[in-house]
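# Inside the fold
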Amino acid sequence: MSFALSPQTVRGEAVVAAASSLVETFAQRAQAADAANQVSRENFDELIERRVTSAFVPVELGGFGLESIHDWILTIATLARGDASTAIALNMHLVVSRGMVQAYTDAKARLGADHPTTDGLAQLLGRLVTGEMLICATATEPGTDNLHPFTEAVRDGDHADSGWRINGRKIFVTLSPIATHLAMNLRLRDADGDHLASVLLPMNTPGMTPQDDWDALGMRSSGSQSVLFEDVRVPLPDLHKLGPWGRWSVGNLQSRALANLPLVGAFLGIAEAAHDTALAHLATQSRLGQPASENSGVRHVVAEMALELGQCRAVLGAAALQMDDYFARHAPAESVATMEDAHRLMLDYQVAKWTVNRGAIEIVSKAMDLLGGSGYTNSHVLARLYRDVRAGPFMQPFGATELREYVGKVTLGMWPDQ
Ligand SMILES: Cc1cc2nc3c(=O)[nH]c(=O)nc-3n(C[C@H](O)[C@H](O)[C@H](O)COP(=O)(O)OP(=O)(O)OC[C@H]3O[C@@H](n4cnc5c(N)ncnc54)[C@H](O)[C@@H]3O)c2cc1C
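Residues numbered from 1 in each chain as written. Predicted model: local features only at pLDDT ≥ 70, side-chain atom pairs only at ≥ 80, totals over all residues. Heavy atoms only, no water.

## Concerning the overall build of the protein
Under the convention used in this document: Strands are runs of DSSP state E lasting at least 2 residues, helices are runs of H or I lasting at least 4, and numbering of each runs from the N terminus. When we talk radius of gyration, it's over C-alpha atoms, and the globule rule is simply 2.2 Å times the number of residues to the 0.38. In what follows, a contact means two residues having at least one pair of non-hydrogen atoms within 4.5 Å. Calculation of accessible area relied on Shrake-Rupley with a 1.4 Å probe; when residues are assessed, cover is drawn exclusively from the protein chains displayed. Counting rule applied: Lys, Arg positive; Asp, Glu negative; His and chain ends not counted. A charge is said to be at NZ when it belongs to Lys, at CZ for Arg, at CG for Asp and at CD for Glu.
Scanning the protein for helices and strands turns up 10 helices and 10 strands. In terms of overall size, the protein behaves like a compact globule, its C-alpha atoms giving a radius of gyration of 22 Å where 418 residues would be expected to give roughly 22 Å. Put simply, of all contacts in the protein between residues at least 6 apart along the chain, 74% involve residues at least 24 apart. Within the structure as shown, the protein displays about 18,500 Å² of accessible surface, and the carbon and sulfur contribution to it stands at 54%. In the protein, the 34 positive side-chain charges and the 47 negative ones have mean positions that sit 3 Å from each other.

Written as structure tokens, this is what we have:
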């Protein structure tokens, strides 16, 4: 098929092969997980066993040593062909674990492999390999956007060594029912200003209460419940400043584009599954002795699906390669990115997001036209794909009503800082 994505690196090829080996099993479990409205623990046990959850962990520490963002996206797209809920949940874990690997690599280069800090980070990565750490990530809250979290950390007392107390509420915390840890952004105000910060917390931290309230139209087995934080106490060094609260920074633009482009891969995977489901169905269909493939109406709808799928793959593949190139050019030792550079990266992600999210909805809908009523029954895979694919445009940044405003501004050279 046109513009089909294929791995760009040897390590990526190994991760994608591991993901491919699970697609059929995930597809078989997906209907039951969707009906039960629960994350498939078995899927994650197998992802851990095949080391897909430790894809970014260096080879010497037991992972695949994946570096290519393109191949990360292809891994997510591949898994989504079987179960998109599992694919988006895995993506949240991979986003955080990639950051942990980056911290380890930086410490190793700066301090040496034998330094206690490097060793501590290596041990943490070991817990990703064994599956002792499975991490969800959240930036979303009601009544605000990701740049302006209301969840806030305040100092817990006046002593120099007193820690933080966190209060707030996060929604859409995908993977959280089976996660061991949660990473989130929050607000931190101190004498230096008003900051966006991040923290990684064990799920059993006192004061953190998952709400068991996920019951949605689609992505039902993604476990995207909300989580309440009431006087959650955190040691002083555990909070990390990310940039100014309420303003885009180079780092924040880069990390949001990086975390979310692979998520677009999940919606490509859904479209591919719908496309293949429709073609497999058509191969068995005839009316009054005439095979479905000989009907011109059928052929035109098939052609439109193929055209849209080619566009989605081409744009996402190009954005993925550009992102790999961007991070190679702006590696810490190379040139430092400017706000303009980072907005251009965000813009490319938006183009891919718009193209794939909308294209995938169209493709699944056309697959539904081709199957007719049989695809509309709840027991049919297409009914689940039809519901799952609709989640794509909601994903921030940017939602369906905000994306064009952002793209318009950047195209006009306005480089918005909030
Ligand atoms: C299945 C699923 C899984 C997700 N998983 C995660 C996750 O793991 N971690 C995470 O952090 N997030 C996650 N999200 C959240 C996602 O990224 C979005 O942040 C979230 O869906 C946005 O909230 P919303 O859908 O209510 O829409 P919003 O973007 O909050 O807005 C909804 C609508 O409000 C209206 N509106 C009202 N006032 C305004 C205004 N001033 N400006 C713009 N629009 C306005 C618009 O019509 C807009 O479209 C997930 C979402 C889904 C659906």
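## Here's the deal with the site of the ligand
Spelled out, the test is: We call a residue near a given molecule or strand whenever any one of its heavy atoms falls within 4 Å of it. Residues adjacent in sequence count toward polar contacts only when both atoms are side-chain atoms; beyond that, a polar contact is any pair of N or O atoms within 3.5 Å, and within protein one must be able to donate a hydrogen and the other to accept it.
Lining the immediate environment of the ligand, one finds 15 residues, of which Ala139, Thr140, Phe172, Thr174 and Gln396 sit closest. Alanine 139 places a polar main-chain atom, nitrogen or oxygen, 2.7 Å from an oxygen atom of the ligand. Between threonine 140 and the ligand, the recorded distance is 2.7 Å, taken from a side-chain N or O atom to a nitrogen atom. Relative to its unbound accessible surface of 970 Å², the ligand loses 60% to contact with the protein.

## A word on the domain arrangement of the protein
The condition is simple: Here the limits of each domain have been adopted from an automatic or database domain assignment. Defined in terms of a 1.4 Å probe, buried area is the accessible area two parts forfeit on being brought together, summed over both. Put simply, a salt bridge is a Lys or Arg side-chain nitrogen that is within 4 Å of an Asp or Glu carboxyl oxygen. Only Asp, Glu, Lys and Arg are considered charged, only Ala, Val, Leu, Ile, Met, Phe, Trp, Tyr, Cys and Pro nonpolar, and every remaining residue, Gly among them, polar.
Once the domains are mapped, the protein shows domain 1 (10-133), domain 2 (152-244) and domain 3 (250-411). Once you take the C-alpha centre of each, domain 1 and domain 3 turn out to be 22 Å apart. The partner domain 3 presents 26 residues to the 21 residues of domain 1 that form the contact. At the boundary of domain 1 with domain 3, total buried surface from both sides reaches about 1,900 Å², with 62% on carbon and sulfur atoms. Counting every contact that joins domain 1 to domain 3 gives three salt bridges. Aspartate 276 is paired through a salt bridge with arginine 81; the nearest N and O atoms lie 2.5 Å apart. Our count for the domain 1 to domain 3 interface comes out at nine residue pairs in polar contact (both at pLDDT 80 or more). Counting only elements with at least two residues in the side of domain 1 that touches domain 3, the list comes to helix 1 (10-36), helix 3 (69-80) and helix 4 (84-111). With seven residues, helix 3 is the largest single contributor of residues to the side of domain 1 that touches domain 3. Considering only residue class, the side of domain 1 that touches domain 3 consists of 11 nonpolar, five polar and five charged.

## Some points on the packing of helix 4 against helix 6 (residues 250-282)
Each packed pair of helices is defined by two parameters, the angle between the axes and the distance between the axes. For clarity, the threshold we go by: The convention used is that axes are lines fitted to C-alpha atoms, helices contributing only their stretch in contact, and that angles between N-to-C directions extend from 0 to 180 degrees. The scheme is simple: roughly parallel for angles under 35 degrees, roughly antiparallel for over 145, roughly perpendicular for 65 to 115, oblique for anything else. Rotating anticlockwise by less than a right angle from the far helix to the near helix defines a left-handed crossing, while the corresponding clockwise rotation defines a right-handed one.
Remark: helix 4 packs on helix 6, axes separated minimally by 10 Å, with the N-to-C direction vectors making an angle of 160°. It follows that helix 4 is roughly antiparallel to helix 6 by the angle criterion. Handedness of the helix 4/helix 6 crossing: right-handed. Residues Ala84, Ile88, Asn91, Val95 and Arg98 of helix 4 form the contact with helix 6, whose participating residues are Leu258, Ala259, Pro262, Leu263, Ala266 and Ile270. Each residue belonging to the contact of helix 4 with helix 6 can be placed in one class, and the counts come to nine nonpolar, one polar and one charged.

## Observations regarding the packing of aromatic side chains
Definition in use: The rule is short: rings of Phe, Tyr and Trp, with Trp giving its six-membered ring, pair when the centres are within 6.5 Å, and they are stacked under 30 degrees, edge-to-face over 60, tilted in between. Each residue gets one of three labels from its accessible area relative to the maximum for its type: buried under 20%, exposed over 50%, partly exposed in between, using a 1.4 Å probe on protein chains only.
Per the counting criterion, the structure on display carries five aromatic pairs. Measuring from centroid to centroid gives 6.1 Å for tryptophan 248 and phenylalanine 398, while their planes differ by 70°, and the two rings are edge-to-face. Placement of tryptophan 248 in the loop between strand 8 (240-244) and helix 6 and of phenylalanine 398 in the loop between helix 9 (381-388) and helix 10 (403-411) is noted, with a sequence separation of 150 residues between them. Accessibility classification places tryptophan 248 together with phenylalanine 398 in one group, the buried group. Here phenylalanine 398 and tyrosine 406 contribute two aromatic rings whose centre-to-centre distance is 4.6 Å and whose plane-to-plane angle is 25°, an arrangement assigned as stacked. A relative accessible area of 4% means that tyrosine 406 is categorised as buried.

## Examining the nonpolar core
Let me state the cut-off plainly: Here the nonpolar core consists of buried residues drawn from Ala, Val, Leu, Ile, Met, Phe, Trp, Tyr and Cys, with membership extended through side-chain atoms lying within 4.5 Å.
Ile166 and Leu239 are the most contacted members of the largest nonpolar core, which totals 119 residues. With 15 residues, the top contributor of residues to this core is helix 6. Dropping the residues within four chain positions of it, isoleucine 166 is found in contact with Thr151, Glu152, Ala153, Met184, Leu186, Val199, Phe229, Glu230, Asp231, Val232, Val234 and Leu239.

## Description of the packing of helix 3 against helix 4
With their axes 7 Å apart at the nearest point, helix 3 and helix 4 run at an angle of 155° to one another. Regarding the angle of helix 3 to helix 4, the classification is roughly antiparallel. Considering how the two elements wind past one another, helix 3 and helix 4 form a crossing that is right-handed. Contacts between helix 3 and helix 4 pair Ile69, Trp72, Ile76, Leu79 and Ala80 from the former with Ala84, Ala87, Leu90, Asn91, Leu94, Val95 and Arg98 from the latter. The residue inventory of the contact of helix 3 with helix 4, partitioned by class, reads 10 nonpolar, one polar and one charged.

## Focus: the environment of alanine 33
Along the chain, alanine 33 falls in helix 1. Separated by 52 residues in the primary sequence, alanine 33 and serine 85 have C-alpha atoms spaced 9.3 Å apart. Setting aside its immediate chain neighbours within four residues, alanine 33 contacts Gln38 and Ser221.

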